[in-house]
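Listed below, chain by chain, are the residues.
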Amino acid sequence: GINAGMLYKLNEKTNVAVTLDLPLKDITIKGDVALQFLMPKINALLVPGSPIGPGELGYLFANGENIDLPASFETKLKLPPSIGVGIARTVTEKLTVAFDAEYTVWSRFDGFEFTYTDVRDFPPITDDPATEIAFFSENQESKVEFRNTIKAALGASYLALPYLSLFGGLAYDQGANRDGNAYIPQFDDTGDKIGVSAGLQFH
């Protein structure tokens, strides 16, 4: 991708900046995975005369087996582009104020689709191992509908004493999942956020 920035001195007291983060290609994530399925045990279906017995596919959901399924997986990660702008102004010899904002196109990220291949060392439980493998290695989706976000921050630095500078800031950061329409553990979005910062610098 491309990550670029420009800083321009507008006048003696004011600086402006622009940044750009532009992914040019989706990231392929792949490797080995160990899937484990903890199947329920339903004693009512394990009694003599039950239509679900050893050898039947329904037996997978009744006998309480733990299914270990080594396989290979692959998925795509669509990173979001973003653009930022900032301005800093020297108000007095002691006080500098800065404002910046960033717009991120999170709508480009639509979640993950996991493709499983090369299932290995599968211990069949029924008389139809091919159907078992197809069921347990079915491609999985973790789709989301993220919305584009804006982050804005305001900060200041003040030379309180010849040997001491004070810093402070306030930031607002929109959540990509503002509608609460999806949750995936790979991207834990906690919603809109407000941040406060402060600091000291001794000269």
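Residues numbered from 1 in each chain as written. Predicted model: local features only at pLDDT ≥ 70, side-chain atom pairs only at ≥ 80, totals over all residues. Heavy atoms only, no water.

S.K.: Can you walk me through the overall build of the protein chain in this structure?
M.R.: A count of helices and strands for the protein chain gives 1 helix and 11 strands. Sequence-ordered secondary structure for the protein chain, helices as α and strands as β, is β-β-β-β-β-β-β-α-β-β-β-β. Its C-alpha atoms give the protein chain a radius of gyration of 27 Å, more than 25% over the compact-globule value 17 Å for 203 residues. By principal-axis analysis of the C-alpha atoms, the protein chain measures approximately 90 × 35 × 30 Å. A separation threshold of at least 6 residues defines the contact pool for the protein chain, and within that pool the share at least 24 residues apart is 68%. (Helix = DSSP H or I, 4+ residues; strand = E, 2+ residues; numbered from the N terminus. Rg over C-alpha atoms; globule rule 2.2 N^0.38 Å. Contact = heavy atoms within 4.5 Å.)

S.K.: Looking at this structure, how should I read the side chain of Thr-14?
M.R.: Checked against the element boundaries, Thr-14 lands in strand 2 (residues 14–22). Classification of Thr-14 as buried rests on a relative accessible area of 4%. Side chain to side chain, Thr-14 and Arg-89 meet in a polar contact 2.6 Å long. (Buried < 20%, exposed > 50% of the residue type's maximum accessible area, 1.4 Å probe, protein only. Polar contact = N/O pair within 3.5 Å; in protein donor to acceptor, adjacent residues only side chain to side chain.)

S.K.: Honestly, the sheet that holds strand 5 (residues 82–90) in this entry has me stumped. Any pointers?
M.R.: Pairing between the strands of a sheet comes from backbone hydrogen bonds, and it takes one of two forms, parallel or antiparallel. The strand order across the open sheet formed by 7 strands is 1-2-5-6-9-10-11, and the pairing between neighbours is antiparallel. Either end of the sheet is taken by a strand with one partner, and the two such strands are strand 1 (2–9) and strand 11 (193–202). Mean inter-strand twist for the sheet, computed between neighbouring axes without regard to direction, equals 10 degrees. Two elements, strand 1 and strand 2, share 8 bridges in a ladder whose sense is antiparallel. (Pairing = 2+ DSSP bridges. Axes fitted to C-alpha atoms, helices over the stretch in contact; angles between N-to-C directions.)

S.K.: I would appreciate a short explanation of the pattern of salt bridges in the present structure.
M.R.: Pairing between side chains of opposite charge can happen when the charged atoms of each approach one another. Applying the stated criterion across every chain, the model contains 2 salt bridges. Its salt-bridge partner being Asp-26, residue Arg-108 comes within 2.7 Å of it at the nearest N-O pair. Of this pair, Arg-108 sits in the loop between strand 6 (95–104) and strand 7 (111–117) while Asp-26 sits in the loop between strand 2 and strand 3 (27–38), and the two are 82 residues apart along the sequence. Owing to a relative accessible area of 31%, Arg-108 belongs among the partly exposed residues under this scheme. Looking at Asp-26, the relative accessible area reads 25%, which means it is partly exposed. (Salt bridge = Lys/Arg side-chain N within 4 Å of Asp/Glu carboxyl O.)

S.K.: I'm lost on the nonpolar core in this one. Help?
M.R.: The nonpolar side chains of soluble globular proteins are, as a tendency, buried together. By size, the foremost hydrophobic cluster in this structure holds 16 residues, and its most contacted members are Trp-106, Phe-109, Phe-112, Phe-114, Tyr-116, Phe-136 and Phe-146. When residues of this core are traced back to their parent elements, those giving at least two are strand 4 (66–77) and strand 7. (Core = buried A, V, L, I, M, F, W, Y, C linked by side-chain atoms within 4.5 Å.)

S.K.: I tried to follow the sheet that holds strand 3 on my own but got confused; where do I start?
M.R.: With antiparallel pairing, the 4 strands of this open sheet are ordered in space as 3-4-7-8. Every interior strand has two partners, whereas the edge strands, strand 3 and strand 8 (140–143), have only one. Neighbour-to-neighbour, the strand axes of this sheet turn through a mean angle of 30 degrees, independent of strand direction. Pairing of strand 7 with strand 8 involves 4 bridges; the strand directions are antiparallel. Note that in strand 8 the partner of Gly-111 across the bridge is Lys-143.

S.K.: Is there a simple way to think about the pairing of strand 6 in this case?
M.R.: Taken residue by residue, a regular strand's side chains alternate between the two faces of the sheet. Direction of pairing for strand 5 relative to strand 6: antiparallel, over a ladder of 9 bridges. Across the sheet, Ile-83 pairs through a bridge with Tyr-103, a residue of strand 6. Pairing analysis gives 10 bridges linking strand 6 to strand 9 (residues 149–161), with the strands arranged antiparallel. Its bridge partner lying in strand 9, Tyr-103 is registered against Ile-150.

S.K.: Honestly, the confidence of the model for the protein chain in this entry has me stumped. Any pointers?
M.R.: When pLDDT is low, close inspection of the predicted coordinates is not appropriate. Overall, the prediction assigns the protein chain a mean pLDDT of 87, with 95% of residues at 70 or greater. Between the elements of the protein chain, mean pLDDT differs from a low of 77, seen in helix 1 (residues 129–136), to a high of 98, seen in strand 6. (pLDDT = per-residue confidence, 0-100.)

S.K.: Can you walk me through the packing of aromatic side chains in this structure?
M.R.: Within a pair of aromatic rings, the relevant descriptors are the distance that separates the centres and the angle that separates the planes. Counted by the stated rule, this structure contains 6 aromatic pairs. Aromatic ring contacts, followed pair by pair, group Phe-73, Trp-106, Phe-109, Phe-112, Phe-114 and Phe-146 into a single cluster. (Phe/Tyr/Trp six-rings, centres within 6.5 Å; stacked < 30°, edge-to-face > 60°.)

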